[in-house]
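The lines below spell out each chain.
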Amino acid sequence: MTAFFAAWRRELGSARKYPVAVRNYVMAKTASISGVRATELCLVRLGDLHWDCGQWGRFLVKGKGARGSGPREREAFMFAEGRELLWWYIEEVRGLFPDDALDPYAALFPSERLPAALGAEVAVAPPVCADTFRRSLRAASLAHLKGTVTVLFPHLLRPACATHNYGSGMPLWDVQVLLGHTWPTTTVGYLASAKADPERASLESSRRAVRRLSGET
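From a predicted model like this one, the values you see are computed outputs, not experimental measurements.

(A) Fine view of the overall build of the protein. Looking only at helices and strands, one finds nine helices and three strands in the protein. Mapped in sequence order, the helices and strands of the protein form the string α-α-α-β-β-β-α-α-α-α-α-α. Within the protein, the fraction of its 217 residues that count as buried is 41%. Of all intrachain contacts in the protein linking residues separated by at least 6 positions in sequence, the fraction that spans at least 24 positions is 52%. Counting only carbon and sulfur atoms, one obtains 56% of the accessible surface of the protein, whose full area is about 12,600 Å².

What follows is the structure, given as structure tokens:
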């Protein structure tokens, strides 16, 4: 995934529609970092970005409710990499779209066109649709993704995000919060490709206990 996103970013400068190409890249990269769903990401507005919340900033998404309870708002996490990525996008690219990039109700990831029926009277462009995001990710993966998996879809970025963080030591509960799951059993289903290592976990637990007993932080 690291090589895939690096190869995709290198080609952005030569894209025929630079703002659109960057938008698609930033959407996919943000989804892989934060674990948000495609439909959630498409509806994020500029005013939903809270740079001072938490350590690196967070943004609000309207996620799925449990057992058909309807959409519910939750916080998604930028982390250090996502903060840098989104800041670059806001500062250098978002203003290249034809709508008002200072409107807090404007879409973070807008369509490149204003509605034809209303034209210039519309202050903000509609958000890019999830199908457009899916097509752009599929095309990029066919061009740049190497390995056994050659085609990516947005929902595959969620288990990739979960597996990466869990494999790096993030506790299951935190992965559950990251993905916005109500039940931990749902989160476990996203970790099928994570390699469990009870011996390593036991060693790490012992080391933490030793540090606590010796008064280390």
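Still to come is the rest of the account.
(B) Structural view of the pairing of strand β2 (residues 58-63). The alternating pattern of β2 places F59, V61 and G63 on a buried face, while none of R58, L60 and K62, on the opposite face, is buried. Bridge count between strand β1 (residues 49-50) and β2: two bridges; the pairing is antiparallel. The residue bridging H50 from the neighbouring strand is R58, located in β2. Direction of pairing for β2 relative to strand β3 (residues 72-77): antiparallel, over a ladder of six bridges. When the bridges of β3 are listed, R58 appears paired with F77.

(C) Inspection of helix α5 (residues 130-144) at higher detail. Over its 15 residues, α5 runs 21 Å from end to end, which matches the ideal 21 Å to within 8%, given 1.5 Å per residue. Within the sequence span of α5, burial applies to A130, F133, S136, L137, A140, S141 and H144. Buried residues of α5 fall within an arc of 130° about the axis and therefore sit on the same side. Elements that come into contact with the buried residues of α5 comprise α1 (2-10), α2 (18-34), α3 (38-42) and α6 (154-167).

(D) View of α6. Under the 1.5 Å per step criterion, the end-to-end length of α6 is 20 Å for 14 residues, consistent within 8% with the ideal 20 Å. Looking only at α6, the buried set comprises P154, L157, R158, C161, A162, T163 and N165. Downstream of α6 by one or two residues, G169 has phi in the positive range, about 110°.

(E) Region of interest: the sheet that holds β2. Taken together, the three strands give an open sheet; going across it, the order is β1-β2-β3, and neighbouring strands pair in antiparallel fashion. For this open sheet the edge positions go to β1 and β3, each flanked by a neighbour on one side alone.

(F) Structural context of the nonpolar core. Ranked by internal contacts, the top residues of the largest apolar core, which has 41 residues, are W8, V26, F59 and F109. Elements supplying a minimum of two residues to this core: α1, α2, α3, β2, α4 (79-92) and α5. It is α2 that provides the largest number of residues to this core, a total of eight residues. Judged by nonpolar contacts, the second largest core, of nine residues, contains F77, L178, L179 and L191.

(G) Molecular detail of the packing of aromatic side chains. For the coordinates displayed, the defined rule picks out nine aromatic pairs. Aromatic side chains F4 and F5 sit 4.9 Å apart centroid to centroid with 55° between the ring planes, which places their arrangement in the tilted category. A single burial state applies to F4 and to F5, both of which are buried. For the pair W8 and Y25, a centre-to-centre distance of 5.6 Å together with 85° between the ring planes defines the contact as edge-to-face. Here W8 is found in helix α1, whereas its partner Y25 is found in helix α2, with 17 residues between them in sequence. Side by side, W8 and Y25 carry an identical accessibility label, which is buried. In textbook terms, an aromatic cluster arises when at least three aromatic residues are bridged by ring pairs, as seen for F4, F5, W8 and Y25. When the ring centre of W88 is taken as origin, the NZ or CZ atom of R9, which lies over that ring, is 4.2 Å away.

What counts and how
Residues numbered from 1 in each chain as written. Predicted model: local features only at pLDDT ≥ 70, side-chain atom pairs only at ≥ 80, totals over all residues. Heavy atoms only, no water. Helix = DSSP H or I, 4+ residues; strand = E, 2+ residues; numbered from the N terminus. Buried < 20%, exposed > 50% of the residue type's maximum accessible area, 1.4 Å probe, protein only. Contact = heavy atoms within 4.5 Å. Areas by Shrake-Rupley, 256 points an atom, 1.4 Å probe, with all protein chains shown as cover. Pairing = 2+ DSSP bridges. Expected span 1.5 Å × (residues − 1). Arc of directions from axis to C-beta. Core = buried A, V, L, I, M, F, W, Y, C linked by side-chain atoms within 4.5 Å. Phe/Tyr/Trp six-rings, centres within 6.5 Å; stacked < 30°, edge-to-face > 60°. Lys NZ or Arg CZ within 6 Å of the ring centre and 35° of its normal.

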